[in-house]
Amino acid sequence: MEQKLKVFLTVVKHMNFSRAAEELFITQPAVSQYIKSFEEELGIKLIDRTNKKIRLTKAGSLVAYYGGEISTLNDKMKQAVEDLAGEVKGKLAVGASYSFGEYILPHIVADFLNKFPAVDPYITIGNTQEIAEKVIHNEIDLGVVEGTVASDKLIAEKIASDKMYVIKGKKENSEKRVHLNEETWIVREQGSGTREAFDWFAAKNGIRPAKILEFGSTQIIKEAVEAGLGVALLSEWTIRNELELEKLKIVGGGNLYYERNFYAIIPDAPFMTKTAETFLHYLRRD
């Protein structure tokens, strides 16, 4: 079944028999035969083909979902067996939320590859909830997130802390007093650790924003603050360049801040690949 499943998943990936054949280095009739044989083995139709277009049946969508998980677990099994040789090499899939992933993780990965050049990293960036879901579904080996993740399928370990400051545009009148309840606050979307930090910060300081603008990335928030659209609460890691270039200014002289933690999250499972485990130790060191 393994080869039939591989062919089926490749067809699903491209939604095209010809492109699947090219990727697998086999003929298009061979692809069709594999799919037909797979359908006969399962006793149900997986793909409908009409007018040269293909679409998955309900059963096909189900097989594609579980087949993808089987394929991922198969790759992890092979990696775990290779780990018995004791060498740190092969695939390393790491996910991180935006603040850590865009500003800190690249430097850690670069140092790690200098020490272990046989590792092939794959990095994905998303908000805290998205990264947690990828770890739970074995799409990545481990994640680094800010904020809390409530799941009995994950193990979380604190690896770093960070301060977040209220910032405003440098172009604004420096003598103007900032009234936090009267300001427009520019925040991240729900599910983001940065948004969770803002919600905690606002509750702790009794802030009820006059208006909230919700943007999907830290970079857009920084640009909006610089343009004078409002104020924001952002990580010190993310605003260093803008502070040096005097594009942004910290409100309250640095006395008004929120401190948060970053956590490495891994599946609550009995095994990790040697490469993933070594990278986790590397994160603890940093």
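Rules used throughout
Residues numbered from 1 in each chain as written. Predicted model: local features only at pLDDT ≥ 70, side-chain atom pairs only at ≥ 80, totals over all residues. Heavy atoms only, no water. Helix = DSSP H or I, 4+ residues; strand = E, 2+ residues; numbered from the N terminus. Rg over C-alpha atoms; globule rule 2.2 N^0.38 Å. Buried < 20%, exposed > 50% of the residue type's maximum accessible area, 1.4 Å probe, protein only. Arc of directions from axis to C-beta. Contact = heavy atoms within 4.5 Å. Polar contact = N/O pair within 3.5 Å; in protein donor to acceptor, adjacent residues only side chain to side chain. Pairing = 2+ DSSP bridges. Right-handed = clockwise from strand over helix to strand, strands pointing away. Salt bridge = Lys/Arg side-chain N within 4 Å of Asp/Glu carboxyl O. Axes fitted to C-alpha atoms, helices over the stretch in contact; angles between N-to-C directions. Parallel < 35°, antiparallel > 145°, perpendicular 65-115°, else oblique. Left-handed = near helix turned anticlockwise from the far one by under 90°. Nonpolar A, V, L, I, M, F, W, Y, C, P; charged D, E, K, R; others polar. Patch = residues over 30% accessible without salt bridge, like charges linked within 9 Å, V, L, I, M, F, W, Y side chains within 5 Å. Areas by Shrake-Rupley, 256 points an atom, 1.4 Å probe, with all protein chains shown as cover. Phe/Tyr/Trp six-rings, centres within 6.5 Å; stacked < 30°, edge-to-face > 60°. Lys NZ or Arg CZ within 6 Å of the ring centre and 35° of its normal.

Enquirer: When you look at the overall build of the protein chain in this model, what are you seeing that I'm missing?
Expert: In terms of helices and strands, the protein chain carries eleven helices and eleven strands. Relative to the globule expectation of 19 Å for 286 residues, the C-alpha radius of gyration of the protein chain, 24 Å, shows a markedly less compact shape. Summarising its shape, the C-alpha atoms of the protein chain cover approximately 75 × 50 × 35 Å along the three principal directions. Each of the 286 residues in the protein chain was classed as buried or not, and the buried ones make up 43%.

Enquirer: Whenever I open this one, helix 7 (residues 128–136) confuses me. Can you help?
Expert: Given 3.6 residues per turn, any residue in an α-helix points the same way as the ones three and four places further on. Taken together, the buried positions of helix 7 are T128, I131, A132 and V135. Within helix 7, the buried residues cover an arc of 100° as seen down the axis, which keeps them to one side. In this structure, the buried side of helix 7 is in contact with strand 3 (90–96), strand 4 (119–125), strand 5 (142–146), strand 6 (154–169), helix 8 (193–204) and strand 11 (257–267). Two to three positions downstream of the cap, the backbone nitrogen of Q129 sits 3.1 Å from a side-chain oxygen, assigning the N-cap of helix 7 to N127. Following helix 7 by one or two positions, N138 has its phi on the positive side, about 60°.

Enquirer: Looking at this structure, how should I read the pairing of strand 7 (residues 184–187)?
Expert: Every regular strand shows the same layout, with side chains that alternate between the two sheet faces. Of the two faces of strand 7, the one holding T184 and I186 and the one holding W185 and V187 are both buried throughout. Pairing of strand 7 with strand 8 (residues 211–214), which is carried by four bridges, proceeds in the parallel orientation. Looking at the pairing, V187 lines up with E214 of strand 8. Handedness of the β-α-β unit built from strand 7, helix 8 and strand 8 comes out right-handed.

Enquirer: Whenever I open this one, the pattern of salt bridges confuses me. Can you help?
Expert: Opposite charge on two side chains lets them pair, provided their charged atoms get close. Throughout the structure, instances matching the rule amount to eleven salt bridges. Its salt-bridge partner being D199, residue R195 comes within 3.4 Å of it at the nearest N-O pair. Here R195 and its partner D199 are both found in helix 8, four residues apart, which amounts to about one turn of the helix. Its relative accessible area of 34% is what places D199 among the partly exposed residues. Two residues, R195 and E214, come together in a salt bridge whose shortest N-O distance is 2.8 Å.

Enquirer: When you look at the packing of helix 1 (residues 2–14) against helix 2 (residues 17–24) in this model, what are you seeing that I'm missing?
Expert: Axis separation between helix 1 and helix 2 bottoms out at 8 Å; the angle between their running directions is 125°. It follows that helix 1 is oblique to helix 2 by the angle criterion. Note that helix 1 runs across helix 2; the crossing there is right-handed. When helix 1 is examined against helix 2, the residues K6, V7, T10, V11, K13 and H14 are found in contact with a partner set consisting of F17, R19, A20, E23 and L24. Looking at the contact of helix 1 with helix 2 residue by residue, the class counts come to five nonpolar, two polar and four charged.

Enquirer: How should the side chain of R195 be read in this particular structure?
Expert: A relative accessible area of 9% means that R195 is categorised as buried. A distance of 2.8 Å separates the side chain of R195 from the side chain of E214, its partner in a polar contact. When sequence neighbours within four positions are dropped, the list of residues in contact with R195 reads V187, R188, E189, Q190 and E214.

Enquirer: Looking at this structure, how should I read the environment of E226?
Expert: Considering the arrangement of structural elements, one finds E226 in helix 9 (residues 218–226). Considered as a pair, E226 and G67 are 159 residues apart in the sequence and their alpha carbons are 47 Å apart. Not counting residues within four places of it along the chain, the set of residues in contact with E226 comprises G169, K171, K247 and L248.

Enquirer: Would you mind going over a nonpolar patch on the surface with me for this structure?
Expert: A contiguous nonpolar patch, built from M1, L42 and I44 and spanning about 280 Å² of accessible area, is present on the exposed surface. Inspection of the secondary structure assignment puts I44 in the loop between helix 3 (28–42) and strand 1 (47–50). I44 sits in the partly exposed class, given a relative accessible area of 43%.

Enquirer: I keep staring at the packing of aromatic side chains and nothing clicks. Help me out?
Expert: By convention here, two paired aromatic rings are described through the distance between centres and the angle between planes. Taken as a whole and assessed by the stated rule, the structure comprises eleven aromatic pairs. Centroid distance F112 to F279: 5.0 Å. Interplanar angle 85°. Geometry classified as edge-to-face. Remark: F279 occurs in helix 11 (residues 274–285) and F112 occurs in helix 6 (residues 105–115); sequence separation between them is 167 residues. The residues F112 and F279 share a single accessibility class, namely buried. On the basis of an interplanar angle of 75° and a centroid distance of 5.2 Å, the ring pair of F112 and Y282 is categorised as edge-to-face. Within this pair, whereas F112 is found in helix 6, its partner Y282 is found in helix 11, the two being separated by 170 residues in sequence. Among the residues examined, Y282 registers a relative accessible area of 8% and is labelled buried. An aromatic cluster of three or more residues is present, and its members are F112, F116, F279 and Y282. For K163, the ring lying beneath its charged end belongs to Y257, and the centroid distance is 4.4 Å.

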